[in-house]
Amino acid sequence: MLELVRRHPRFGYRRVWALLRSEGFAVNRKRVHRLWKREGLALECRRSFVSGNVIDVLRELFIRRGVPKHVRSDNGPEFIAKAIRAWLENANVQTLYIEPGSPWENGYAESFHGRLRDELLDSELFTCLAEAKMLSTQWRLEYNHRRPHSSLGYVTPASFAAAPAAEAAVGATPLPAPRPPERKEVILS
């Protein structure tokens, strides 16, 4: 299995299982998956985020940079989750959804994805999850702290973010205080 992974690093465990079967190994898919996980083999750093993870990230961003007027996202499950919509509503943040099949509606994200692919994903070969995390962390630090961005006047995002909030956070407002829990009156007769 490891030899096949070395030869085909972009194949997932199912494809490796199929290759093993075609080479005459009598092994079932569940066993290959179990070995795959034990060896720490993977194609992506994280498969998904639950709504709680998304809320934690948004809360941290809002505290650091102020509350935006709106959040633009695709219609992925994490952004149609009731918990996230309720949290954004509580923070007085509107949600703007990108129509399915219309990635051009969010040019900033598409531009970032292109840079990520060109500068990291297409130039590196991840052999394990730990290596993928380490290389992506190095790239993120380079991207945010050492790489000047034309859209920010050729300063780094870290330098831009360090500027006073009035200069950097255009249109952002402070995070509102949490609403107290609603009380419902119960009339006993």
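Residues numbered from 1 in each chain as written. Predicted model: local features only at pLDDT ≥ 70, side-chain atom pairs only at ≥ 80, totals over all residues. Heavy atoms only, no water.

Observations concerning the overall build of the chain
Phase 1: A tally of helices and strands in the chain yields nine helices and two strands.
Phase 2: Each helix and strand of the chain, placed in order from N terminus to C terminus, yields the pattern α-α-α-α-β-α-β-α-α-α-α.
Phase 3: Taking all 189 residues of the chain together, 22% fall into the buried category.
Phase 4: Within the chain, counting contacts between residues at least 6 apart in sequence, those at least 24 apart form 53% of the total. (Helix = DSSP H or I, 4+ residues; strand = E, 2+ residues; numbered from the N terminus. Buried < 20%, exposed > 50% of the residue type's maximum accessible area, 1.4 Å probe, protein only. Contact = heavy atoms within 4.5 Å.)

Thoughts on the pairing of strand β1 (residues 70–73)
Phase 1: Side chains Val71 and Ser73 project from β1 onto a buried face, and the interleaved His70 and Arg72 project onto a face without burial.
Phase 2: Here β1 runs beside strand β2 (residues 94–97); their pairing, made up of four bridges, is parallel. Opposite His70, over in β2, you have Gln94 as the bridge partner. (Pairing = 2+ DSSP bridges.)

Regarding the packing of helix α4 (residues 51–65) against helix α5 (residues 82–90)
Phase 1: Remark: α4 packs on α5, axes separated minimally by 9 Å, with the N-to-C direction vectors making an angle of 20°. When the interaxial angle is binned, α4 and α5 end up roughly parallel. Both α4 and α5 take part in a crossing whose hand is right-handed. Listed contacts from α5 to Ser51, Val54, Ile55, Leu58, Arg59 and Phe62 of α4 are Ala83, Ile84, Trp87 and Leu88.
Phase 2: By residue class, the composition of the contact of α4 with α5 is eight nonpolar, one polar and one charged. (Axes fitted to C-alpha atoms, helices over the stretch in contact; angles between N-to-C directions. Parallel < 35°, antiparallel > 145°, perpendicular 65-115°, else oblique. Left-handed = near helix turned anticlockwise from the far one by under 90°. Nonpolar A, V, L, I, M, F, W, Y, C, P; charged D, E, K, R; others polar.)

Quick look at the packing of helix α2 (residues 13–22) against helix α3 (residues 29–38)
Phase 1: Put simply, α2 and α3 touch, their axes get as near as 9 Å, and they point 125° apart. Taken together, the axes of α2 and α3 are oblique relative to one another. Crossing geometry of α2 relative to α3 is assigned as right-handed. Residue-level inspection shows Tyr13, Arg14, Val16, Trp17 and Leu20 of α2 in contact with α3, the latter providing Arg29, Val32, His33 and Trp36.

Structural notes on helix α7 (residues 129–145)
The periodicity of an α-helix, 3.6 residues per turn, causes residues three or four positions apart to be oriented the same way.
Phase 1: Between its terminal C-alpha atoms α7 stretches 24 Å, which fits the 24 Å expected from 17 residues at 1.5 Å a residue.
Phase 2: Among all positions of α7, only Ala132, Leu135, Trp139 and Tyr143 are buried. Angularly, the buried residues of α7 cover 75° about the axis, an arc narrow enough to put them on a single face.
Phase 3: Looking at the buried positions of α7, the neighbouring elements they touch are α6 (107–121) and α8 (157–162). (Expected span 1.5 Å × (residues − 1). Arc of directions from axis to C-beta.)

Here's the deal with the confidence of the model for the chain
Phase 1: The share of residues in the chain with pLDDT of 70 or more is 77%, and the mean pLDDT across the chain is 78.
Phase 2: Note that pLDDT drops below 50 for residues 168–172; the model gives that stretch nine contacts with residues more than four away or on any other chain. (pLDDT = per-residue confidence, 0-100.)

Topic: the environment of Asp74
Phase 1: Here Asp74 is to be found in the loop between β1 and α5.
Phase 2: Separated by 22 residues in the primary sequence, Asp74 and Leu96 have C-alpha atoms spaced 8.5 Å apart.

Details of α3
Phase 1: For α3, the N-terminal capping position is held by Asn28, with its side-chain oxygen 3.2 Å away from the main-chain nitrogen of Lys30.
Phase 2: Directly beyond the C-terminal end of α3, a positive phi value near 75° is found at Gly40. (Polar contact = N/O pair within 3.5 Å; in protein donor to acceptor, adjacent residues only side chain to side chain.)

Structural notes on the nonpolar core
Phase 1: Grouped together as the largest cluster of nonpolar side chains are twelve residues: Val54, Ile55, Leu58, Phe62, Val67, Val71, Ala81, Ile84, Trp87, Leu88, Ala91 and Val93.
Phase 2: Breaking this core down by element, the ones donating at least two residues are α4 and α5.
Phase 3: Broken down by element, the residue count for this core peaks at four residues, all from α4.
Phase 4: In this structure, Leu4, Val5, Leu20 and Leu41 belong to the second largest nonpolar core, which totals nine residues. (Core = buried A, V, L, I, M, F, W, Y, C linked by side-chain atoms within 4.5 Å.)

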